[in-house]
Amino acid sequence: MKYEVINIRTIENEFGGLSFFEGEHDIPFAIKHLCCIYKTDEERKRTFYTDAASQLLMFCPYGEVEVILNDGLQQESIVLDNPAIGLLLQNGMWEKLNWRKEKSVVCVAVSELLKECNVEGELV
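The rules behind these values
Residues numbered from 1 in each chain as written. Predicted model: local features only at pLDDT ≥ 70, side-chain atom pairs only at ≥ 80, totals over all residues. Heavy atoms only, no water. Helix = DSSP H or I, 4+ residues; strand = E, 2+ residues; numbered from the N terminus. Buried < 20%, exposed > 50% of the residue type's maximum accessible area, 1.4 Å probe, protein only. Contact = heavy atoms within 4.5 Å. Core = buried A, V, L, I, M, F, W, Y, C linked by side-chain atoms within 4.5 Å. Pairing = 2+ DSSP bridges. Axes fitted to C-alpha atoms, helices over the stretch in contact; angles between N-to-C directions. Polar contact = N/O pair within 3.5 Å; in protein donor to acceptor, adjacent residues only side chain to side chain. Phe/Tyr/Trp six-rings, centres within 6.5 Å; stacked < 30°, edge-to-face > 60°. Disulfide = S-S within 2.5 Å. Salt bridge = Lys/Arg side-chain N within 4 Å of Asp/Glu carboxyl O.

1. Remarks on the overall build of the chain
Along the backbone of the chain there are zero helices and eleven strands. Among the 124 residues that make up the chain, the fraction classed as buried is 37%. In the chain, 74% of the contacts between residues at least 6 apart in sequence involve partners at least 24 apart.

Take a look at the structure:
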């Protein structure tokens, strides 16, 4: 399965925490679009697909979300619950997102331009 859990550069001090990354420096692609998914009820599931040309970095700046990965041969589950941890996905991967805490936020940096969203706001 083509994925990697990465540490996102983070600075923490008496002022709080700051996590950040740069395309083509911290991740292996230029960022063409960034989306944030929020206001999703606890235990809600959403499905996304990384097409053959896309790479993406998913991270959860707030809350807890389970990412279920499926490459067509095997399935694995990763929990994102720390803004300093990201999930780097390679091409051709299915993801199902399961909100484990209400008001969780997932951000996704993608290597390709957004094609379109369906009526429910799912990427297609």
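Moving on, there is more to tell.
2. Thoughts on the nonpolar core
Ranked by size, the top nonpolar core spans 18 residues in total, and within it Met58, Leu87, Leu97 and Val108 carry the most contacts. Core analysis: the next-biggest nonpolar cluster, separate from the first, contains six residues, Ile6, Ile27, Leu57 and Leu88 among them.

3. Here's the deal with the sheet that holds strand E4 (residues 33-37)
One open sheet accounts for five strands, arranged E1-E9-E6-E11-E4; its pairing is antiparallel. Since the sheet does not close on itself, it has two edges, and those belong to strand E1 (3-7) and E4, each with one partner. Shown here is a sheet whose adjacent strand axes are inclined to one another by a mean of 20 degrees, direction ignored. Strand direction decides the pairing type here: strand E6 (residues 56-62) and strand E11 (residues 105-110), joined by five bridges, are antiparallel. Residue pairing for E11: Met58 is matched across the bridge by Val108.

4. Topic: the side chain of Ser104
Position of Ser104 relative to the elements: it lies in the loop between strand E10 (94-99) and E11. Here the side chain of Ser104 touches Glu64 through a polar contact of 2.9 Å, landing on its backbone nitrogen. Dropping the residues within four chain positions of it, Ser104 is found in contact with Ile37, Tyr38, Lys39, Tyr62, Gly63, Glu64, Val65 and Trp99.

5. Digging into the packing of aromatic side chains
Evaluation of the coordinates by the stated rule reveals one aromatic pair. Ring geometry for Phe21 against Phe59: centres 5.4 Å apart, planes inclined by 80 degrees, an arrangement best described as edge-to-face. Taken together, the positions of Phe21 in the loop between strand E3 (16-20) and E4 and Phe59 in strand E6 put the pair 38 residues apart, joining distant regions of the chain.

6. Considerations on the state of the cysteines
This model, assessed by the stated rule, comprises zero disulfides. This cysteine, Cys35, is not joined by any disulfide, and Cys36 carries the nearest cysteine sulfur, 7.0 Å off. According to the relative accessible area criterion, Cys35 is buried, its value standing at 18%.

7. Focus on the pattern of salt bridges
Per the stated rule, a full pass over the model turns up four salt bridges. A salt bridge links Glu22 to Arg9, with the shortest nitrogen-to-oxygen separation between them at 3.5 Å. A residue pair is termed long-range when its members are at least 10 positions apart, and Glu22 in the loop between E3 and E4 and Arg9 in strand E2 (residues 9-13) qualify at 13 residues. The partly exposed category is assigned to Glu22, whose relative accessible area is 40%. Bridged by salt links that share partners, the residues Arg9, Glu22 and Asp26 form one connected network.

8. Here we look at the side chain of Ser54
By the secondary structure assignment, Ser54 is in the loop between strand E5 (45-49) and E6. Residues within four places of Ser54 in sequence aside, it is in contact with Gln90, Asn91, Val110, Ser111 and Glu112.

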